[in-house]
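Chain by chain, the residues:
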Amino acid sequence: MITLALVLSFLSVWGLLASANKVEFEKKGMTLLLSKNTRAAKAVALVSLLLSTIVLCFLFDITVGIISSMVVWMIIASLVVLSTPFPKLSYRFLMGMIVICIVFELLFHFIF
């Protein structure tokens, strides 16, 4: 569930980054689609942020869920903004990171 919240927060940040016209980076695939339709990008970002906050509130309770959602969103936003200029950020790398997060979550869930 935590991995789901992280992925949804990442989609929220990526949707806002794709809709920003001030950011200069290569746009292709889903990023190109979201950059052409800014209203849909902002809607995807808002829905993803709300869903990740709901998931975290379900896991940790209301207050801790909201605060952890804000912290997670700020950390992911800063990491995405810092890593955007690097051309090595690919879908394979992102999927690998998501798989590693899921493996760690399942490992800690079943061990502890």
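So, a few notes on the structure that sits alongside this text. (Residues numbered from 1 in each chain as written. Predicted model: local features only at pLDDT ≥ 70, side-chain atom pairs only at ≥ 80, totals over all residues. Heavy atoms only, no water.)

Some details on unusual backbone geometry
Moving on, step 1. Positive phi values are uncommon outside glycine, yet Asp61 reaches one of about 95°.
Moving on, step 2. Inspection of the secondary structure puts Asp61 in the loop between α3 (38-60) and α4 (62-83).
Moving on, step 3. On the accessibility criterion, Asp61 (55% relative accessible area) is exposed. (Helix = DSSP H or I, 4+ residues; strand = E, 2+ residues; numbered from the N terminus. Buried < 20%, exposed > 50% of the residue type's maximum accessible area, 1.4 Å probe, protein only.)

A short note on the environment of Val81
Moving on, step 1. For Val81, the position within the fold is in helix α4.
Moving on, step 2. A residue is classified by how much of its surface remains accessible, and Val81, at 51% relative accessible area, is exposed.
Moving on, step 3. Residues Val81 and Trp14, 67 residues apart in the sequence, show an inter-C-alpha distance of 9.4 Å.

Here we look at helix α1 (residues 2-19)
Since the α-helix turns once every 3.6 residues, residues separated by three or four places project in the same direction.
Moving on, step 1. Taking 1.5 Å per residue, 18 residues should reach 26 Å; α1 reaches 26 Å between its end C-alpha atoms and fits that length.
Moving on, step 2. Buried residues of α1: Thr3, Ala5, Leu8, Ser9, Ser12, Val13, Trp14, Gly15, Leu17, Ala18 and Ser19, and no others. (Expected span 1.5 Å × (residues − 1).)

Here we look at the packing of aromatic side chains
Moving on, step 1. Enumeration over the complete set of coordinates arrives at one aromatic pair.
Moving on, step 2. Ring centres of Phe10 and Trp14 lie 5.7 Å apart, and the angle between their planes is 25°; this geometry places the pair in the stacked category. Here the residue Phe10 and the residue Trp14 both occupy positions in helix α1, the gap between them amounting to four residues, near one helical turn.
Moving on, step 3. When its relative accessible area of 21% is taken as the criterion, Phe10 is described as partly exposed.
Moving on, step 4. The class of Trp14 is buried, set by a relative accessible area of 15%. (Phe/Tyr/Trp six-rings, centres within 6.5 Å; stacked < 30°, edge-to-face > 60°.)

Examining α3
Moving on, step 1. Here α3 is 23 residues long and its end C-alpha atoms lie 33 Å apart, about the 33 Å a rise of 1.5 Å per residue gives.
Moving on, step 2. Within α3, burial applies to Ala41, Ala45, Ser48, Ser52, Thr53, Val55, Leu56 and Cys57.
Moving on, step 3. Trailing α3 by a residue or two, Asp61 shows a phi angle of about 95°, which is positive.

Observations regarding a nonpolar patch on the surface
Moving on, step 1. Together, Ile62, Ile66, Ile67, Met70, Val71, Met74, Ile75 and Leu79 line one region of the surface with nonpolar side chains, adding up to about 760 Å² of accessible area.
Moving on, step 2. Assignment of secondary structure puts Leu79 in helix α4. (Patch = residues over 30% accessible without salt bridge, like charges linked within 9 Å, V, L, I, M, F, W, Y side chains within 5 Å. Areas by Shrake-Rupley, 256 points an atom, 1.4 Å probe, with all protein chains shown as cover. Salt bridge = Lys/Arg side-chain N within 4 Å of Asp/Glu carboxyl O.)

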